[in-house]
Every structure is written in structure tokens, then in C-alpha cells.
Amino acid sequence: MSVLSTGVKTLTKREILRYIRRPWNTFLPPFVTNVLYFSVFGVILGSRIREVGGVPYIQFILPGLVVLGAIGNAFENASFSIFHGRWNEYIHEPLTSPLSYRAMVFSYVASSALRGIIIGVLIAVIGAFFTPVHSLAHPAYAVAFLLVITVLFAGFGVIGGLVAEDFDHLTVLNQFILRPLVFFGGVFYSLDALEGAALTASYLNPMVYMVNGVRYGVLGVSDIPVNEALAVLVALTAVVLAVNVYLFKRGYGLTD
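Conventions we followed
- Residues numbered from 1 in each chain as written.
- Predicted model: local features only at pLDDT ≥ 70, side-chain atom pairs only at ≥ 80, totals over all residues.
- Heavy atoms only, no water.
- Helix = DSSP H or I, 4+ residues; strand = E, 2+ residues; numbered from the N terminus.
- Rg over C-alpha atoms; globule rule 2.2 N^0.38 Å.
- Contact = heavy atoms within 4.5 Å.
- Areas by Shrake-Rupley, 256 points an atom, 1.4 Å probe, with all protein chains shown as cover.
- Core = buried A, V, L, I, M, F, W, Y, C linked by side-chain atoms within 4.5 Å.
- Buried < 20%, exposed > 50% of the residue type's maximum accessible area, 1.4 Å probe, protein only.
- Phe/Tyr/Trp six-rings, centres within 6.5 Å; stacked < 30°, edge-to-face > 60°.
- Lys NZ or Arg CZ within 6 Å of the ring centre and 35° of its normal.
- Salt bridge = Lys/Arg side-chain N within 4 Å of Asp/Glu carboxyl O.
- Polar contact = N/O pair within 3.5 Å; in protein donor to acceptor, adjacent residues only side chain to side chain.
- Axes fitted to C-alpha atoms, helices over the stretch in contact; angles between N-to-C directions.
- Parallel < 35°, antiparallel > 145°, perpendicular 65-115°, else oblique.
- Left-handed = near helix turned anticlockwise from the far one by under 90°.
- Nonpolar A, V, L, I, M, F, W, Y, C, P; charged D, E, K, R; others polar.

A. Fine view of the overall build of the protein chain. The helix and strand inventory of the protein chain stands at 11 helices and two strands. Each helix and strand of the protein chain, ordered N terminal to C terminal, gives the series α-α-α-β-β-α-α-α-α-α-α-α-α. The C-alpha atoms of the protein chain give a radius of gyration of 19 Å, which matches the 18 Å a tight globule of 256 residues would have. Sequence-distant contacts in the protein chain: of pairs separated by 6 or more residues, those separated by 24 or more amount to 82%. A total of about 12,500 Å² of accessible surface is found on the protein chain, and carbon and sulfur atoms cover 67% of it.

Listed below in C-alpha cells is the structure:
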């Protein structure tokens, strides 16, 4: 076993254990939040809306809530881990190790993406108690979109952790930029309900493509062409990861 592979496994394991060992911080908040989402939006509001695009409303919002939880946790984990390492100066340990910059980025991104996937699956399980989804319409698309978007937002989280100057910046990035984009990304409504400027603005929101991609994988319905959306997201993910490696090579935010 090479030093590199051992180092990657060690750093990735450390990052995974960091949130696994604190389940009340990692798993309890999304559990409570999504029970409330499904209760209020799915059961109470859903009983009045009935269906959207031929799909029961509570099932319609399920993929969007999975996306919201998955990307939020992937972003939050990577950004907090990087910033906390900078703040307490223990990020210098991997920086002075034999690990390459790509290996370091891989460890931070992979561990954060895994957290996003775990939370996404947890939300899907919670949703199953409120509405049965007997089988995935297109499981390959569901897995592909979930994997790509969690890696993408873990990469964004790395950037956020490097540029943030204090913990308040992390809150601003997650609560006032990321979450509003998701809520206006078709989580609770179909694009068929929009017209004019609102519809045009929705097509400029990247979250629309992520939510609809996962929705297509789960339910088989989508407001956008899923193949094109997946191709664009894969390309964007590659660019973001390249930026991550570039920033690590420059030492941006790491050696200041």
C-alpha cells in the first residue's frame, strides 16, 4: 500500500468520523426539519393541492427535499471542515504531509459528499413513512444526479471554507444564498405554474435542474431535459474541483 493511498484513506476517515461521532448534530436536525416539512407541506398543504403534474403533491416534494438536505449538508460539511481547520491551524497537518493537492481535495470532497448522500437517503426514508414510493422510476438517474450534486456542492463548500473570514460568512453562504436558490428551484412547485419573467428566472437557477433531475429519477417526471442537465452538472463539477485543486496549490486561505 502506497503512502499516498494510506494518507487519502486516513484523511478521509478522519473527516467522516468527525460527523459520524456527533449524530445529534449531523442527523437529528435534518430529521426534525424534514418531519416538519412533510407534515406541513406534504400532509396539510398536500391534502388541498392533491396533485402536481399527475403526481400526489407529497410525492412531488420528496425529491426536492432530498436535494435540499443533500447539497446543504455536503456544502456545510466541507466549508466548516476547511474553515475550522484554518481557524484552529490543524489544516497544516495534511498540507505538510506527502499528500498531493488532488488527494487532499478528494478527501475533503468525498467525505462531505458522503454526508450529503447519507442525509439524502435519510430524508427519503422519512418521506417513505408519509407517502409510499414503491420503486424508483429511473434509479440510474436518481443515483447519478444525487452523486453529482453532492460532489458539486462539496466542492463549493471547499471554496466557501477557503474564502470565509469568520463563521458568520459560512452562515451567510448557506442560509442566505444556497437555501433561497433551492426553495426557488422548484422544490414545492412545478415550472408549469410559472410564466413570463418568473419562468425565465427559474431557468437561470441551477437548482431547477438538480431538483428536476432527482425528481425524474424517483418519479419519472421533469420540467427540463434531464440528459442535458446532467451533462452540464458533470462539466460544472469538474470545473469546481479543478478550482479546488488550484486554490490548494496557491495556498489560498491556507497559509495566510
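There's more to say after this.
B. Region of the structure containing the nonpolar core. Leu65, Ile71, Ile149, Phe153 and Met210 are the most contacted members of the largest nonpolar core, which has 44 residues in total. Mapped by element, the contributors of at least two residues to this core are α3 (28-49), α4 (57-87), α6 (101-130), α7 (139-163), α8 (167-183), α10 (206-219) and α11 (226-250). Ranked by residues supplied to this core, first place goes to α4 with 12 residues. Every residue in contact with Met210, bar those within four places of it in the chain, is listed here: Val67, Ile149, Leu152, Phe153 and Leu233. Counting 21 residues, the second-largest nonpolar core is a separate cluster that includes Leu99, Met104, Ala113 and Val245.

C. Expanded view of the packing of aromatic side chains. All told, the structure shown has seven aromatic pairs when counted by the stated rule. With a centroid separation of 5.6 Å and 40° between ring planes, the pair formed by Phe83 and Trp87 is classed as tilted. On the criterion of helical spacing, the pair formed by Phe83 and Trp87 is a turn pair, its members being four residues apart in helix α4. Over the ring of Phe60 we find Arg215, and its NZ or CZ is 3.7 Å from the ring centre.

D. Quick peek at the pattern of salt bridges. Summed over all chains, the structure comprises three salt bridges. The salt bridge partner of Glu15 is Arg14, with a shortest N-O separation of 2.9 Å. You can call Arg14 partly exposed: its relative accessible area is 29%. Across the pair Glu93 and Arg14 runs a salt bridge, and its minimum N-O distance is 4.0 Å. In this pair, Glu93 sits in helix α5 (residues 92-95) while Arg14 sits in helix α1 (residues 3-20), placing the two residues 79 residues apart along the sequence. Exposure remark for Glu93: the relative accessible area of 52% places this residue in the exposed category. One network of salt bridges, in which partners are shared, links Arg14, Glu15, Arg18 and Glu93.

E. The arrangement of the side chain of Asn77 in detail. Locating Asn77 in the fold gives a position in helix α4. Within the local environment of Asn77, its side chain forms a polar contact with the side chain of Ser112, the two groups lying 2.9 Å apart. Apart from the residues within four sequence positions on either side, Asn77 is in contact with Arg18, Tyr19, Ser111, Ser112 and Arg115.

F. How the structure looks around the packing of α7 against α11. Relative orientation of the contacting elements α7 and α11 amounts to 30°, with a least axis distance of 9 Å. With respect to each other, α7 and α11 are oriented roughly parallel. Crossing hand, α7 versus α11: left-handed. Among the residues making up the contact of α7 with α11, the classes are represented as 22 nonpolar, four polar and no charged.

G. Region of interest: the environment of Phe129. On the secondary structure map, Phe129 appears in helix α6. Here the alpha-carbon distance between Phe129 and Val35, two residues 94 residues apart in the chain, equals 9.7 Å.

H. Here's a closer look at the packing of α4 against α10. α10 packs onto α4 with a crossing angle of 125° between their chain directions and a minimal axis gap of 9 Å. The angle between α4 and α10 places the two elements in the oblique class. Crossing of α4 against α10: the hand is right-handed. Contact residues: α4 offers Gln59, Phe60, Pro63, Gly64, Val67 and Ile71, while α10 offers Met207, Met210, Val211, Val214, Arg215, Val218 and Leu219. Across the contact of α4 with α10, the residue classes break down as 10 nonpolar, two polar and one charged.

Just geometry here; none of it tells us what the structure is for.
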